[in-house]
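Residue-level structure breakdown
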Amino acid sequence: MSKTSILGFACVLGFGCADTIPPELVDARQAYARAQEGPAAKHNPSELHTARSALEKAETTFEDEGDTFKTRDRAYIAMRKARIAETHARTIESEQEAAKIRRETEQLEAATIDQMSNTLSSTQLALRSQRQELESERARREEAEKRAEQARADLARIAQVGQTERGTVITLPGGVLFASGKSKLLPSAQAKLSQVAQALVMGNPDSMMEVEGHTDSQGSEQYNQKLSEERAQAVREYLVSHGIAADRITAQGLGESRAIADNSSPEGRANNRRVEIVVKPPAGEGAQGAATTPARDTTTPSSRTPSADMPTPTGAPATGTRRSDPAAPSTSGGSKPIR
Amino acid sequence: MKTHLFCGLTSAALISACASYPRPEENLANSMAAARGASEAGAAEVPEAQLQLKLAQEEIEAAKKLIEDEEYERADYMTLRAYYDAELALALAREEAAKRGVEHTARAAEARKSQLSQATNQD
């Protein structure tokens, strides 16, 4: 029932028409109107309904009795009920707001945890694969070193191996390789030489090598020069046909010019009759790895051609790969390899 | 003298014709309990709630006096006024608490948010 119709009705019946509306009832009507427009309709409509009933009761009382204490009390109570409904609604809104904020925070926490856990996972993965890579690199290096070591040991078993400032020198007695005065390899020598070839391929695949033939002082210098040259070539050919790269190995005869023993005794002469294979150290590494200057080319026979493929730089293992590293000879030998 | 028994059996519509009215002990007790509840909820600290609570307490005293004077019907209505004033005081006190709660939650959420963003930025 609207406000005007209630008054109209009361006036027609002659009840309370003469009375002015008590302020409590005015306040109650205002309070209810305000509550109705607010959030109570949404959050606590039952309380709003209670307030409405109270207002209607007050209106009825005013209509029946006019301005009595009962009308005023009922209007007073109706006003409070409307205000209570309104206040509760606002409280509910605040609580819902707080709950929403808490939910948002929780969602943010969850998202952050997800994000961090993903980052952690991918970091762990990256770390693991890095470690694996390092491990396999280490294993490769170890393997290569082991092979090189094995080769050195093998070589030491079959031939005399020494270190000089020229590099590693493998000395093969002439009597084992050739018949007297001949430059054709003995059949028995071939087995030994193939072992030497194998050891060299395994241990020093990238190194430059020089085969040098030597004789004793018996016979003319010319004759000895020619014989030593032929013998050196024979050994070289054999090694090349057994895996040594042709552009890595040269041969020359030195005749009787480099005696290592006294030619006046048979033992001395026997020692002088030899073939030496000099394995030059990689560029940048002196004998025993001490020097910092590049490998010295003291005797440069015309047969040696400068190769674009340089030996592996200092610090890198003698692996099976042949690398083009133009930086190696021109820079100082102490430069670190690019990782 | 007022006859209580007769009034207890009549319907509300005839109450104006009735000479007696029951002593509003229960309603008085309810209104006092409501006032206590509002007080304990901290109504005294919230200005508007404090006003309502004061009204309730005055009305309770007025109701007691009316009971002494055997004005039971008036006393009854007075207790009801007191009860709803106290209830409003309580509602206002709770509203204030909820408002402060939101502010606190919002502040805590902001702090946590910046904490979390710092943590992720460190990665």
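The structure reproduced in this document is the subject of the present report. Keep in mind that this is a model prediction, so the values were computed, not measured.

What counts, and at which threshold
Residues numbered from 1 in each chain as written. Chains lettered and ligands numbered in written order. Predicted model: local features only at pLDDT ≥ 70, side-chain atom pairs only at ≥ 80, totals over all residues. Heavy atoms only, no water. Helix = DSSP H or I, 4+ residues; strand = E, 2+ residues; numbered from the N terminus. Buried < 20%, exposed > 50% of the residue type's maximum accessible area, 1.4 Å probe, protein only. Contact = heavy atoms within 4.5 Å. Areas by Shrake-Rupley, 256 points an atom, 1.4 Å probe, with all protein chains shown as cover. Phe/Tyr/Trp six-rings, centres within 6.5 Å; stacked < 30°, edge-to-face > 60°. Lys NZ or Arg CZ within 6 Å of the ring centre and 35° of its normal. Buried area = accessible area lost by both parts, 1.4 Å probe. Salt bridge = Lys/Arg side-chain N within 4 Å of Asp/Glu carboxyl O. Core = buried A, V, L, I, M, F, W, Y, C linked by side-chain atoms within 4.5 Å. Pairing = 2+ DSSP bridges. Axes fitted to C-alpha atoms, helices over the stretch in contact; angles between N-to-C directions. Parallel < 35°, antiparallel > 145°, perpendicular 65-115°, else oblique. Left-handed = near helix turned anticlockwise from the far one by under 90°.

1. Things to note about the overall build of chain A
Of regular secondary structure, chain A possesses 10 helices and 5 strands. Across the 339 residues that make up chain A, the buried fraction comes to 37%. When contacts within chain A are restricted to residue pairs at least 6 apart in sequence, long-range pairs at least 24 apart make up 70% of them. For chain A, the accessible area works out to roughly 19,200 Å², and carbon and sulfur atoms hold 54% of it.

2. Here's the deal with the packing of aromatic side chains
In total, this model carries 2 aromatic pairs over all chains according to the counting rule given. Pairing Phe69(A) with Tyr77(B) gives two aromatic rings, centres 6.0 Å apart and planes at 85 degrees, and the pair type is edge-to-face. Note that Phe69(A) is positioned in helix α5 (residues 69–158) and Tyr77(B) in helix α4 (residues 72–121), a pairing that runs across two chains. Phe69(A) gets classed as partly exposed once you look at its relative accessible area, which sits at 26%. For Tyr77(B), a relative accessible area of 8% corresponds to the buried category. Relative to Tyr84(B), the ring of Tyr83(B) has its centre 5.0 Å away and its plane inclined at 85 degrees; by these criteria the two rings are edge-to-face. Across the ring face of Tyr76(A), the terminal group of Arg81(B) is positioned such that the distance to the ring centre comes to 3.8 Å.

3. As for the interface of chain B and chain A
Each side of the interface is counted separately: chain B has 30 residues, and chain A has 27 residues. Summing both partners gives a buried area of about 2,700 Å² for chain B against chain A, and 66% of it is carried by carbon and sulfur. In terms of surface lost to chain A, no three residues of chain B exceed Tyr77(B), Arg81(B) and Tyr84(B), which account for 24% of the buried area on that side. At the junction of chain B with chain A, the criterion picks out 6 salt bridges.

4. Things to note about the pattern of salt bridges
Residues and elements named next belong to chain A. Counted according to the given criterion, the structure contains 31 salt bridges over all chains. A salt bridge links Arg-140 to Glu-137; its shortest N-O distance comes to 2.6 Å. Highlighted residues: Arg-140 and Glu-137, both in helix α5, separated by 3 residues, approximately one helical turn. Within this structure, Arg-166, Glu-212, Arg-274 and Glu-276 form a network of salt bridges that share partners.

5. Notes on the nonpolar core
With 28 residues, the main nonpolar core has Ala38(B), Ala43(B) and Leu53(B) as its most contacted residues. When contributions to this core are tallied by element, the ones reaching two or more residues are α5 of chain A together with α2 (25–40), α3 (47–68) and α4 of chain B. Broken down by element, the residue count for this core peaks at 12 residues, all from α4(B). In this structure, Leu177(A), Ala234(A), Ile244(A) and Ile277(A) belong to the second largest nonpolar core, which totals 27 residues.

6. Description of the sheet that holds strand β2 (residues 167–173) of chain A
Residue and element names in this part refer to chain A. Within the open sheet, the 5 strands sit side by side as β1-β2-β5-β3-β4. Their pairing is mixed. Every interior strand has two partners, whereas the edge strands, β1 (160–164) and β4 (249–253), have only one. Taking each pair of neighbouring strands and ignoring which way they run, the sheet shows an average axis angle of 20 degrees. Sheet topology places β1 next to β2; 5 bridges connect them, and they run antiparallel. Note that in β2 the partner of Gly-162 across the bridge is Val-169. Sitting on the sheet, helix α8 (residues 221–240) is in contact with β3 (209–214), β4 and β5 (274–279), with an inclination near 160 degrees to β4.

7. Quick word on unusual backbone geometry
A positive phi is found at Glu70(B), a non-glycine position, where the angle reads about 60 degrees. Note that Glu70(B) resides in the loop between α3 and α4.

8. Thoughts on the environment of Thr171(A)
Residues and elements named next belong to chain A. Secondary-structure assignment places Thr-171 in strand β2. Between the alpha carbons of Thr-171 and Ile-158 there is a distance of 10.0 Å; along the sequence they are 13 residues apart. Filtering out sequence-adjacent residues up to four positions away, Thr-171 remains in contact with Ala-159, Gln-160, Arg-274, Val-275 and Glu-276.

9. Description of the pairing of β5(A)
All names here are of chain A. Of all 6 residues in β5, 6 are buried; the element is thus mostly enclosed. Of the two faces of β5, the one lined by Arg-274, Glu-276 and Val-278 and the one lined by Val-275, Ile-277 and Val-279 are each fully buried. The pairing of β3 with β5 spans 6 bridges and is classified as antiparallel. The partner of Met-209 across the bridge, within β5, is Val-279.

10. Focus: the packing of α5(A) against helix α7 (residues 187–203) of chain A
All names here are of chain A. Where α5 meets α7, the axes come as close as 8 Å, and the angle between the chain directions of the two elements is 155 degrees. With respect to α7, the axis of α5 lies roughly antiparallel. In terms of crossing hand, the pair formed by α5 and α7 is left-handed. Packed against α5, whose contacting residues are Arg-147, Ala-148, Gln-150, Ala-151, Asp-154, Leu-155 and Ile-158, the element α7 presents Lys-192, Gln-195, Val-196, Ala-199, Leu-200, Met-202 and Gly-203 at the interface.

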